[in-house]
Amino acid sequence: MIRLFEPVITKAHEEAAVHALRSEKFIDGESTYKFKTALQMKFGRKYCSLCNSGTSALSIAIRAAIICHYIASKSKIFTTPLSFISTATAITMSGCTPVFRDVDEYGMMTPSYKDGVHIPVALYGKRYPYIDECKGVVIEDDAQAHGTHNLNTLANCFSFYTTKNLTVCGNGGAILTDDEKFHKVIESLINNGRVPGKNYEHQYVSSSYRINNINAALGMVNLKLLHDQITQRRFFAATYNSTLMDLPQVQIISEPVHDHTFHLYVIKVHKKLRDDLRNYLYQHKIETGVHYPYLIYQQQPYLSFAKKLPKAEKMVKEIISLPMHNKLTFDDVMYVANTIRSFFGYEKI
Ligand SMILES: Cc1ncc(COP(=O)(O)O)c(C=O)c1O
């Protein structure tokens, strides 16, 4: 079976995990410090905080923005309904309200052009293109876009979940910013609202959001691989594109250029053919996915936010995610693309 996603685990991962286990503190150890510093430098921001998930990263960033008075408590926040549910739950759980916007043909949230608070998503790993039109405070959900994040935001929130391009082989997240005051609040919120350096003095109501040191050590190994892995993903995306481009039934939505890291490679087909194509691929031992089968406001907790966003509603019925990971070979990608060609009655290449 050609999987939608497969992790790469090498000897370097095993050694890093064992080293962290045997010789470092489990929390706030040397690997956590190294991973944080390396991310800050690699991702081009002054400050980095590590935490235990991308969901936590988003919630903490919103809470810190409220504490710093950058945004009002109970703010209305413009965001997209075409995302993993955490984008919205982070908003709701911080006492704010999501205001869902429609998307463009690539699935990107259309800008509001209004002054306000925005949480756009760099969906599938593509840089969010309308950042200059988002006036006011922007906290970017970069859970899927390690390296294609925008820098002119208050914060970039990353996930290092197992399936992500940059993973800590488990749960993990990060918040990057250039704002020192905001960063200090975030560091405290991650650590039960502690006063810095004081074990039993607390300044905010918060929780334990700290990352595990072994995960940070694994993240450090993966960070070194990231550049080459993204280059390989772009090559696979270019291969998919060139093999599928003459099929009128397939809409290619991802160009293999510098602003895309290809966390996911997604195509669109007519909604009536989508599930048949997925079944056909499955019969040919190809796993596919749909990111996402429902919009967030079509899910139980957000039904009261339901509205008519026609482009997003059309898109969830048409999208298919094809296998995209660093264990694929060129032949695997050609096999997947040629199986799609044969489904639509086209000759293989
Ligand atoms: C767009 C988006 N936002 C937020 C998250 C939440 O990240 P995590 O799973 O690390 O909590 C994810 C990850 O699944 C995601 O894809």
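Residues numbered from 1 in each chain as written. Predicted model: local features only at pLDDT ≥ 70, side-chain atom pairs only at ≥ 80, totals over all residues. Heavy atoms only, no water.

Digging into the nonpolar core
One recurring pattern in soluble globular proteins is that nonpolar side chains are buried together.
Then, in step 1: I62, I139, I175 and F182 are the most contacted members of the largest nonpolar core, which totals 28 residues.
Then, in step 2: At the level of secondary structure, the elements contributing two or more residues to this core comprise α3 (54-67), α4 (86-93), β4 (115-119), β5 (135-141), β6 (155-159) and α5 (180-190).
Then, in step 3: The element that contributes the greatest number of residues to this core is α3, accounting for eight residues.
Then, in step 4: What I139 contacts, discounting residues up to four positions off in sequence, is A61, I62, A65, H118, I119, P120, L154, A155 and C157. (Core = buried A, V, L, I, M, F, W, Y, C linked by side-chain atoms within 4.5 Å. Buried < 20%, exposed > 50% of the residue type's maximum accessible area, 1.4 Å probe, protein only. Helix = DSSP H or I, 4+ residues; strand = E, 2+ residues; numbered from the N terminus. Contact = heavy atoms within 4.5 Å.)

Quick look at the sheet that holds strand β9 (residues 265-268)
Then, in step 1: An order of β8-β9-β10 is seen for the three strands of this open sheet, with the pairing classed as antiparallel. Strands with a single pairing partner mark the edges of an open sheet, and in this sheet they are β8 (251-252) and β10 (319-322).
Then, in step 2: Along the sheet, helix α6 (residues 213-244) contacts β8, β9 and β10; its crossing angle with β9, the most-contacted strand, is approximately 20°. (Pairing = 2+ DSSP bridges. Axes fitted to C-alpha atoms, helices over the stretch in contact; angles between N-to-C directions.)

Things to note about the UniProt feature "modified residue: N6-(pyridoxal phosphate)lysine" (unreviewed entry) in the protein
Then, in step 1: Within this numbering scheme, the UniProt entry marks K164 as carrying the feature "modified residue: N6-(pyridoxal phosphate)lysine" (unreviewed entry).
Then, in step 2: As for its position among the elements, K164 is in the loop between β6 and β7 (173-177). (UniProt positions renumbered as here; feature names shortened; annotations may be inferred.)

A short note on the pairing of β4
Then, in step 1: Here strand β2 (residues 76-79) pairs with β4 via three bridges, running parallel. In the strand pairing of β4, F78 is matched with H118.

Concerning the pairing of β2
Then, in step 1: As paired strands, β2 and strand β3 (residues 97-100) are joined by four bridges and run parallel to one another. Within β3, the position partnered with F78 by the bridge is V99.

Looking at the UniProt feature "active site" (unreviewed entry) in the protein
Then, in step 1: Within this numbering scheme, the UniProt entry marks K164 as carrying the feature "active site" (unreviewed entry).
Then, in step 2: Residues contacting K164, with those up to four places away along its chain left out, are A143, Q144, H146, S159 and H263.

Thoughts on a nonpolar patch on the surface
Then, in step 1: A contiguous nonpolar surface patch, about 290 Å² in accessible area, is contributed by L21, F26 and I27.
Then, in step 2: Examined against the element boundaries, I27 turns out to sit in the loop between α1 (11-23) and α2 (30-42). (Patch = residues over 30% accessible without salt bridge, like charges linked within 9 Å, V, L, I, M, F, W, Y side chains within 5 Å. Areas by Shrake-Rupley, 256 points an atom, 1.4 Å probe, with all protein chains shown as cover. Salt bridge = Lys/Arg side-chain N within 4 Å of Asp/Glu carboxyl O.)

Focus: the site of the ligand
Then, in step 1: Around the ligand, the structure places 16 residues, and the nearest of them are G54, T55, D141, Q144 and S159.
Then, in step 2: Between the ligand and the protein, one listed contact pairs an oxygen atom with a backbone N or O atom of G54 at 2.8 Å.
Then, in step 3: Between the ligand and the protein, one listed contact pairs an oxygen atom with a side-chain N or O atom of Q144 at 2.9 Å.
Then, in step 4: Protein burial of the ligand: of its 390 Å² of free accessible surface, 93% is covered by the chains.
Then, in step 5: Elements with a minimum of two residues in the shell around the ligand: α3 and α4.
Then, in step 6: Of the residues that constitute the shell around the ligand, the class distribution is five nonpolar, nine polar and two charged. (Near = heavy atom within 4 Å. Polar contact = N/O pair within 3.5 Å; in protein donor to acceptor, adjacent residues only side chain to side chain. Nonpolar A, V, L, I, M, F, W, Y, C, P; charged D, E, K, R; others polar.)

Some words on the side chain of T339
Then, in step 1: Inspection of the secondary structure assignment puts T339 in helix α9 (residues 330-343).
Then, in step 2: Judged by its relative accessible area of 3%, T339 falls in the buried class.
Then, in step 3: Among the polar contacts made by the side chain of T339, one reaches the main-chain carbonyl oxygen of Y335 at a distance of 2.5 Å.
Then, in step 4: The residues contacting T339, other than those within four sequence positions of it, are Y280, L281, H284 and I286.

Looking at the environment of F236
Then, in step 1: Its location among the elements puts F236 in helix α6.
Then, in step 2: Taking C-alpha positions, F236 is 9.1 Å from Y265, a pair spaced 29 residues apart along the chain.
Then, in step 3: When neighbours within four sequence positions are excluded, F236 is seen to be in contact with M324, H325, L328, T329, F330 and V333.

Some remarks on the domain arrangement of the protein
How big an interface is tends to be reported as the loss of accessible area on association of its parts.
Then, in step 1: Along its sequence, the protein is organised into domain 1 (11-220) and domain 2 (226-343).
Then, in step 2: In this complex, domain 1 contributes 35 residues to the contact, which on the side of domain 2 involves 34 residues.
Then, in step 3: Taken together, both faces of the contact between domain 1 and domain 2 bury some 2,900 Å²; the carbon and sulfur share is 62%.
Then, in step 4: Our enumeration of links across domain 1 and domain 2 arrives at one salt bridge.
Then, in step 5: Linking domain 1 with domain 2 are 18 residue pairs in polar contact (both at pLDDT 80 or more), by the criterion used here.
Then, in step 6: Elements that contribute at least two residues to the side of domain 1 that touches domain 2 include exactly α4 and β3. (Domains from an automatic or database assignment. Buried area = accessible area lost by both parts, 1.4 Å probe.)

A word on the side chain of E24
Then, in step 1: Relative to the helices and strands, E24 is located in the loop between α1 and α2.
Then, in step 2: It turns out E24 is buried and unbridged, and the closest side chain with the opposite charge, K34, is 5.9 Å from it.
Then, in step 3: A distance of 3.4 Å separates the side chain of E24 from the backbone nitrogen of E30, its partner in a polar contact.
Then, in step 4: Of the polar contacts made by the side chain of E24, one reaches the side chain of N213; its length is 2.6 Å.
Then, in step 5: If sequence neighbours within four positions are ignored, E24 has contacts with H19, G29, E30, S31 and N213. (Lys, Arg positive; Asp, Glu negative; His and termini not counted.)

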